[in-house]
Each structure stands twice: as C-alpha cells, then as structure tokens.
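Take a look at the letters that make up each chain.
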Amino acid sequence: MKVLKFGGTSVGSSESILKVKNIVESQQEQIIVVVSAVGGITDQLIKAANLAEKGEQECFDISSEVKEKHYKIISELFPLDQAQTIKYKVDQLFEEVSTIIKGVFLLKEVSTKSKAIIASFGERISSFIVSELIQGATLFESQHYIVTDNVFGKDSVDFETTETRLKNIQEELGNVAVFSGFIASNKNQEVTTLGRGGSDYTAAIIAATYDASILEIWTDVNGFMTADPRIISRAYCIDRLSYSEAMELSHFGAKVIFPPTILPVYKKNIPILIKNTFNPEAKGTLINDQKEPMQGKKIKGISSIKNVSLLTVQGLGMIGVTGIAMRLFKSLAQKNINVILISQASSENSISVVIDSQTADMAIDLVKDEFAAEIVLNQINNISVEMNMAIIAIVGENMKRTTGVSGTLFESMGKNGINIFAIAQGASELNISFVVKEKDLKKGLNTVHEAFFLSEFSRINLFLVGTGTVGKMLIEKINAQAEKLINDNKLNIRIAGITNSRKMLLNPQGLDVKNVLNDLMELGETANLQDFKNRIVDYNLANSVMVDCTANETIASIYQDVLDSNVSVVTANKIASSSQYDLYQKLKSTALNKGVKFLFETNVGAGLPIIAPLRDLVMSGDKILKLEAVLSGTLNYIVNTVDENNPLSKVIQDAKDLGYSEPDPRIDLSGTDVARKILILARESGYALEMSDIEVTPFVPKNYMDGGSLDVFMQEIKKYDTVFEEHRKSLVEQGKKLRYGAKLEQGKAVVGFIEVDHKHPFFELEGSNNIILINSDHYKEHPMQIKGYGAGAEVTAAGVFADIIKVVNK
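Note that the structure is predicted; figures quoted are calculated from it, not measured.

Conventions and cut-offs
Residues numbered from 1 in each chain as written. Predicted model: local features only at pLDDT ≥ 70, side-chain atom pairs only at ≥ 80, totals over all residues. Heavy atoms only, no water. Buried < 20%, exposed > 50% of the residue type's maximum accessible area, 1.4 Å probe, protein only. Helix = DSSP H or I, 4+ residues; strand = E, 2+ residues; numbered from the N terminus. Pairing = 2+ DSSP bridges. Bend = angle between axes of the 7 residues up to and from the residue. Contact = heavy atoms within 4.5 Å. Expected span 1.5 Å × (residues − 1).

*Asks:* Account for the pairing of strand β9 (residues 214-219), with residues named and values stated.
*Replies:* Of all six residues that make up β9, six are buried, and the element is covered over most of its length. Burial along β9 is two-sided: the face carrying Ile 214, Glu 216 and Trp 218 and the face carrying Leu 215, Ile 217 and Thr 219 are both buried. As paired strands, strand β1 (residues 2-6) and β9 are joined by five bridges and run parallel to one another. Within β9, the position partnered with Leu 4 by the bridge is Glu 216.

Below, the structure written as structure tokens:
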C-alpha cells in the first residue's frame, strides 16, 4: 500500500486536479490519497470567520468567493449532469458553513470550536471533488477516524483510538481511498484540526497505521532544496535526507514538509518521498533512515525563519543562580509562547531566546513580571528585545566530527559584513543555527550556500563605474571569458550595476553583459553617484565588488563608504592610493578589518604585476632598500619613438591618438602620473610618504604646459622639439639613452630623466614597456626585475579583470 498526499497547490485548479487524477490512476498498488484544501481556501475561511466576529459584511463576500471558486473547478472537471449532482452536495456543505459564519456574525464571537469547523470545510469539499473524479475511489472523512485529545490547551492526536478506528475500516478501503487531510474530532465528536501542515500529518498517521510501503508527499517543488529557491536561484534538489536532517530543515522553515509528519513514519521506518505534482518525472527527495552524506559536501541544506525576535535577559545576579532558565521558560509558557532557539553565555551572565515577533511585546512583559524582584535589586539589569531578526540554520549528518564547518560558516558571514547576534549548536552536531538581522537574511543565505559549495559555482556581483576605453574593454573581456570561467573555475561574474557620467543602470538579478552598454544608454536613469553607491549597499549582495575604471576624484572619495559596507573595491584609479597617507592607510585597514578586498594592481603597471610581488616580499619579512623604475608606458613610448624624423610634438600626438596617454597628455608629461605610481610603491614598501615628499622634474618644462587649452599646448610644444632632439642626439653620441623614471632610496623618492648606457637594464627597454628593479635584503646584489608591457586599455582591463577574480581567491 502507498499513501499519497496532495497539497493545496496540487488541487488548486482543475488543471492540477487532473494531474492528481493521472498520478493516482497510474499507480499499480493499493492507494490511499490524502488531500489538502484547494490552495488558499483555508486562509479565506479563517479570514471570513475573523471578519464575522467583527461584524463586517465582507465575511459573506469571502464565503461567496470560496463557493464560486469551487463551482468553477467542478464545471471544468465534470460533464454537465455530473457537475450538477456534485454541486448539489457542495451546496449542502456551503449552506452548513454559511450558517456558522452567520451565527458568528450575529453573536460577534467565534469560539475555537467554531473556527475549527469553519476551517475544516476546505478539506471536506476538496476530498469530495477528488473522490468523485478518480475512478473507483471511495471517500472517507477523516474527522470520523482521526481522534484528538486536548493536552495543555492544544489538540493532540490520540494515537491508540485513532489506530483502532482506522484498522476497523481497513477492509473497506478498496483500491483507491480518499481521505480529507487536516480534519479530526475529539471524543465528544466535535470537529478539531491538526494545525498548519495537518494534511501531511494526517497522511503520516494513516501510513503508519497501515504499515504503508511508502508515504509520498506531492507538492509544487521537486523536493527538498539546498535552500529556499525563491531566495537562492542556484538552489537545487537534494536526492536523499535522513529523518533527522529532514526534521531539522522542516523545523527551520523548509515548507516542503511539516515536522510532526515525520515522527509517525519514522517510528515504523516508512520512507517518505517528496514529489512534484507538476513535474512527476523529477526524482524527488527520499527521506529514510539511511545516513548518506552528499558527496564532498559538509552540509545537506540551509533553512531559515523570518519574523522572529531575540529576547535577552542579562545581569550579574544571574551568575551561579539555579532556576533562572526554568523561570524564564515558565513565564513564557504562561501564554504558550514558543521558544525557537536558545543561546546562553558560559559565564551565565545572559541568556537569549528567539520567539515569534508577534509575541514579543507580551513576552517582555511576562519576563519583567517574573524577574521584578531581581530588577529592583539590580541583579538583572537588562531585559531587551531585538526586533526584525531571522534565523539561518545549516543542517547535515556529515557535519558530525568534521572540523572547520563553523570556521567556514562564520568566516563567510564576516567577509560579507553580516553580524551574528546569537548562536546555537546541539551536541549532535546536526545543526548550527544563528540569528541575524532580517535585512541580512537573503545575503546570508546566499553567502552560506556559496561557502559550502552547495551551488555549482561562485558568483561575483560587479558594479562598474566608468564606460571609457578601459571600462568597455573590461566588459568585452568579461563577455569573452564568461563561459570559460564557469566551466573551468566554477566562477560566474555578473554585472549587477553600471554607471558613467550620464546614465546608470542597476539590477540585483544581473544585467545582460552582451548588451549592457546599449541598455545603459537606452534604459538607464540619470546618473547619481551617491544613489548608485546607496543601491549597491541596499542590494546587500554577497561578493559585491565596485570596479572603478575612471580617473575621477569624486568616485575615489566614496571608496571608504563602500568598503565600510563590506563591498570590495577594485580600481584602476590612482587617486585614492596616492592621496593623503592617512586615507590610504584607512582604506587598507578597513578592507582588512571587514574581510573584503581593496585591490589596485593596475595603478602602477597597468596589467604588469608589480604591486602583488612587492607586497609578497614585504609580507614575507623582506625589507625594500631601493626601487628604480620606468613606470610610464606613455613616456617610454615617446622617448623610444622620437628621432630626427619624428619630433617630440608629433610623437606626443601619436601617443594620444593610440590611446597610450591620458586624453590630455599634459597629465603624463607633468610627471604627476609617475609620481603617483612611485608614491604607491613606496607606501607598499613600508614608507609613509606624501606626494609633497617626492621631487618631480616634469618631462617638458612647466611653462609649456601652463598655456591654457590642449590645442594651445600642442602648438606651443613644437617650439621644444629642437631642444629635445639636440639633447637626445648628444646622448646617442655618448652611447646613452634617455629614460623618464623614478627612484626610491633611503625613504626618498625622485621622478625625472635618467641617462643610461648599455650596461643598465633600462637601456634596451622598448616601446611602451615598463620596468622595475627591486633591491631588498633578499635581493641586494642582483635586484628583482619585473618588465613588460605597461600601457594601453587592453592590458589595464586585463589587470582589473585579474584583480576582480582575486576577490574570490580564484
């Protein structure tokens, strides 16, 4: 025998009920079908009862709506003659419930008994319709067989009487028996209910009584998911769970199955199979006593509860005093306030409990009354409630005796700026639960899901600032590499926001990378940097990264706020790292303390890795003694290209046209760019320098650059061509070449021209290449040399891309 339970969505329309019919009629063995009310009907009936109690006419409108919904389903399922017969029976049921609602309306009072009767009609009607539709089915109304006792003010199943009554009708069941879920009755034959999830419970009781081969729960999802798919799109179905794992996940919010359901079948070792009515081919989730860990996974799933509050009792007078916890729970039990989670400090100085937010005000009054004497004596000095909280729980048999689970969990929370208010873990090591702010729930679930590799890939959410040459090239690289990164590195890079000086476009679900620039201009709203930053923070996405592909000072000024919000920053913009030393230090320390990244490799060598190796030397205990470097690909291109046929003014124009220089070449020619770079390297080497500490000789005399517009400069610089060429020729005659570079030695930095002969490493530096020589305690006689292409949008974009990938340590 099989027991098949179908939930509200499975009988929510005529189309879905036909799917139920097909599933049941395709079975090869004796079947018991347990059905819930049509989706949403129980809530509507309870709402009608509550409105009737208030004397509001709307209660009758709701009753009529419920009736019409069932009439529509009946008309669509049955031929006209049969439909009329079925409607007649349904009319009798609706007349009964309408009479009760009218009585409540007139008395303006609803008893627990009346509300139970009203709520029961959803299952009574749906089970009748299903039994009429399925060929050869027989209807059994559960209130005649499921019996409850009132225990501690709550209906509880009387299993002995229930089993006796069900056994008495076993011979009458036939091939297909249909039972109404949720409904029961007490020993006085008054209708009671089994509470939320009661239809699951009904099915489990029946399965246990008849020793069914399996209990199948048919719902609207493919099974137990690794997390709530409405929050985590990458959640996927779990093939197998133990009874304990299923109980833990269902207790902490997984609505696939309700906790009481598991106990009756667990006692009889009857497996539960979760199946999807709308996708019956899906494998589903099998729940049994087999403890099979997911291959390579430390946990099975993640669950959560919203709308909870954290109640804390604190005081030095609690230390070593017996009975405090007992009194706390006793005071809450007076009003049936359920404690969901408990956390107590080992010092016994405080105890915290999580309760439903609807009971928070009542709870704090009860606890204050209980400890009134201790409050007066200041033995308890704080009774407080944190509202708008949520619980996240990770569950899995494989957590037992596995080291590092808690470390992975809490490290991932910290890196994403999620504060944990309370923690609870049982000695069984089956569940770790912790309390966070409700606003952090989505981010927390995504973070945990990714931390334990429950999803196939890691995800980075990019917020791109700047759509100039570098920004466009970066987008091209992301688009070109997307598939390879997913396949080879299990990394999904998603652009969640983009802005330039005119427009901005954001979507927490991600933008279309292939069309993002067109979409920005066509669909984007007016750009507002502060609003853009606020939206990044409000989205609160895991692994968020702001990427700055500009040279804009205003954008650099928001880095601190972004890092403070636990969002990483990757930047090609040198301004922040070369600003005041205190700001540079604060940005770095904030990133370190927050567990996020502040990466700016492209500030010095474009795509050439200079900062990372230098940083590695310093972190390993090496001391940087001297740096010599050619750090401007633009200026190196100019000195390498100028000759008797290519005067300085023409080569400057070429460098601009080729995109090697800044749009205004004077920024490069002033030496400011090189000064910023050597300043950054000096700071990364451990020297606390300011820009004012650097001695700078510009590439061309200052008077040529103070003439006003760029056009004026390009005309004026022609006057310097001859002087520059004569200097170059004289060096050639001496077997030397001119280089524009920077030097750091004994904590002092200078920027300007360097004359080198063939023995010097700078002599053969071609094109727009960069080079740096690092002398340190470990590299004294033979300096470390880093050399390569150091200018252009493509290599800069590649460097930015590499920094982005470093954010998730790929």
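There is more to say, and it comes next.
*Asks:* Which residues make up unusual backbone geometry, and what are the values?
*Replies:* At Phe 182, a residue that is not glycine, the phi angle is positive and equals roughly 80°. By secondary structure assignment, the location of Phe 182 is in the loop between β6 (176-180) and β7 (183-186). According to the relative accessible area criterion, Phe 182 is buried, its value standing at 9%. With a phi close to 50°, Asp 211 is a non-glycine residue in the positive phi region.

*Asks:* Go over helix α15 (residues 469-489) with me, naming the residues and quoting the values.
*Replies:* In an α-helix, one turn spans 3.6 residues, which is why side chains three or four residues apart end up on the same side. At Gln 481, α15 shows its largest bend, some 50°. If you check which residues of α15 are buried, you get Val 470, Gly 471, Leu 474, Ile 475, Lys 477, Ile 478 and Leu 485. The secondary structure elements touched by the buried residues of α15 are β19 (458-465), β20 (491-499), α16 (516-523), β23 (544-548) and α30 (793-806).

*Asks:* Describe helix α26 (residues 672-684), naming the residues involved and giving the relevant values.
*Replies:* Taking 1.5 Å of rise per residue, 13 residues should cover 18 Å, and α26 covers 18 Å from first to last C-alpha, within 8% of that figure. The buried fraction of α26 amounts to 11 of the 13 residues, a majority that puts the element mostly inside the structure. Asp 673, Val 674, Ala 675, Lys 677, Ile 678, Leu 679, Ile 680, Leu 681, Ala 682, Arg 683 and Glu 684 are the residues of α26 that are buried. Following α26 by one or two positions, Gly 686 has its phi on the positive side, about 105°.

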